[in-house]
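Residue strings, one per chain:
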Amino acid sequence: MRKVIGIGETILDIIFKNDQPIGAVPGGSMFNGLISLGRAGLNTTFISETGDDRVGQRIIRFLEENNVDATHISVYPEAKSPISLAFLNEQNDAEYLFYKDHPHDKLDFVFPDIQPDDIVMYGSYYAVNPVIRPQMQSFLEYAHRQGAILYYDVNFRSSHRGEVMKLRATILENLEYADIVRGSQEDFEVMFNLTEAETVYRSQISFYCKNFIYTQGAEPLEVRGAGNMSKQYPVPQTETVSTIGAGDNFNAGFVYGLMKYGITREMLETGLSEEQWDRVIDQATQFSANVCQSIHNSVDPAFAEQKKREFSTAINN
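As the structure is a prediction and not an experimental result, all values here were calculated from the model.

## A look at helix H5 (residues 185-192)
Then comes step 1: Looking only at H5, the buried set comprises Asp187, Phe188, Val190, Met191 and Phe192. Taken end-on, H5 shows its buried residues confined to a sector of 160°, consistent with a single buried face.
Then comes step 2: At the exit of H5 stands Asn193, carrying a positive phi of roughly 60°.

Listed below in structure tokens is the structure:
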């Protein structure tokens, strides 16, 4: 059975509305998507690090409760697990304050077993952090060599705008490893000072990776793919409680779609049909819409159960 392996940060999100805390949920950009995929019945593994404290223990327990293999989480007794404060505005979009000690990041793990067409998800600052770059790069190299599909969610926040120049070579390396790149309008404005999907794709992405997803919040998302695929997709309008995790679960839904519809690395290289893109993007937007309807960072159990049944039916037919 194909596997999904995520690599990224773990964090405890403390969520505020009107300056009062309304919840605390384990999170992290790849983490959120892996939890949703674990709930939906996929074979999932998460690679990360945490402190040996109450927050770290809660995070590992949360992974295990949601069917995600946590044996590749490095636990450091001397480290404090990171937390973030997420302040929701009137539109329920979040503004973040992060409490994380990046210079003490380590990342020391044994590579999990990876087979052809397994899917590896990576992204955010974790994927460019200079302190752990050697480990990250050797892992991506290994996954690529093993024939995995590499899904890169750029997720480059404006708080790191001042580091763009020194991280540029690392960002380009990440693009080169990727079979699929997803990023938001804000990501590419911060990194390249560009705000139009076609321009971003032609000038920055297509040389390294042919399959590109450009999201712009509630505005239509743009897809560019191998074989001259170019299409715009409307984003379903939903009543939002919180947009935390919307992008992370878009990623999860997309990966779920790749698995459900049997899409391989070779198919991505030669180019998916418009119908294949339609079906996979539909799953991505379903996952994303679901997560916006609660303060949690991953899809709800009822939705996940439905997806588990769909996945089982698809795989067994």
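## Remarks on the pairing of strand E2 (residues 11-17)
Then comes step 1: Among the seven residues of E2, five are classified as buried, and the element is accordingly described as predominantly covered.
Then comes step 2: Bridge analysis of E2 against strand E3 (residues 20-27) gives seven bridges, and the strand direction is antiparallel. The partner of Lys17 across the bridge, within E3, is Gln20.
Then comes step 3: Linking E2 back to E3 in an antiparallel pair, the connection comprises two residues, with Asn18 at a positive phi of about 55°.
Then comes step 4: As paired strands, E2 and strand E6 (residues 83-88) are joined by six bridges and run parallel to one another. Across the sheet, Lys17 pairs through a bridge with Leu88, a residue of E6.

## Section: the side chain of Arg224
Then comes step 1: Mapped onto the secondary structure, Arg224 falls in strand E12 (residues 219-225).
Then comes step 2: A distance of 2.5 Å separates a polar atom in the side chain of Arg224 from a polar atom in the side chain of Glu198.
Then comes step 3: Residues within four places of Arg224 in sequence aside, it is in contact with Ala197, Glu198, Tyr201, Lys210, Asn211, Phe212, Met229, Ser230, Lys231 and Trp277.

## Some remarks on the sheet that holds strand E4 (residues 43-51)
The pairing of strands in a sheet comes from backbone hydrogen bonds and takes either a parallel or an antiparallel form.
Then comes step 1: Read across the open sheet, the nine strands follow the order E5-E4-E1-E8-E9-E10-E11-E12-E13; overall the sheet is mixed. Of all the strands in the sheet, just strand E5 (68-76) and strand E13 (229-233) have a single pairing partner and so form its edges. Between one strand and the next, the sheet's axes are offset by a mean angle of 15°, whatever the strand orientation.
Then comes step 2: Its contacts with the sheet put helix H2 (residues 54-65) on E4 and E5, and the angle it makes with E5 is roughly 165°.

## What to know about unusual backbone geometry
Then comes step 1: Residues other than glycine seldom take positive phi values, yet Asp19 does so here, at roughly 65°.
Then comes step 2: Looking at the secondary structure, you find Asp19 in the loop between E2 and E3.
Then comes step 3: On the accessibility criterion, Asp19 (59% relative accessible area) is exposed.
Then comes step 4: If you check the backbone angles, Asn228 has positive phi at about 65° while not being a glycine.
Then comes step 5: When you line up the elements, Asn228 lands in the loop between E12 and E13.

Reading guide: rules and limits
All chains use their own residue numbering, which begins from 1 and follows the written sequence. Reporting in this predicted model follows two pLDDT cut-offs: at least 70 for local features of residues, and 80 or more for side-chain atom pairs to be given and counted; totals over whole chains, interfaces and linings ignore these cut-offs and use all residues. Heavy atoms throughout the structure, all of them, feed into the side-chain values; hydrogens and water do not. Buried, partly exposed and exposed residues are distinguished by accessible area as a fraction of the type maximum, computed with a 1.4 Å probe on protein chains only: under 20%, between the cut-offs, and over 50%, respectively. A run of H or I in DSSP becomes a helix once it reaches four residues, and a run of E becomes a strand once it reaches two; helices and strands are each numbered from the N terminus. Think of the arc as the fan of directions from the helix axis to the C-beta atoms. Note on pairing: two strands pair once DSSP finds at least 2 bridges between them. Pairing of N or O atoms within 3.5 Å defines a polar contact, subject to two protein rules: one partner must be a possible hydrogen donor and the other a possible acceptor, and residues neighboring in sequence count only if both atoms are side-chain atoms. Contact definition: two residues touch when any of their heavy atoms are within 4.5 Å. Angular values range over 0 to 180 degrees, each being the angle between N-to-C directions of two axes fitted as lines to C-alpha atoms, with helices fitted over their stretch in contact.

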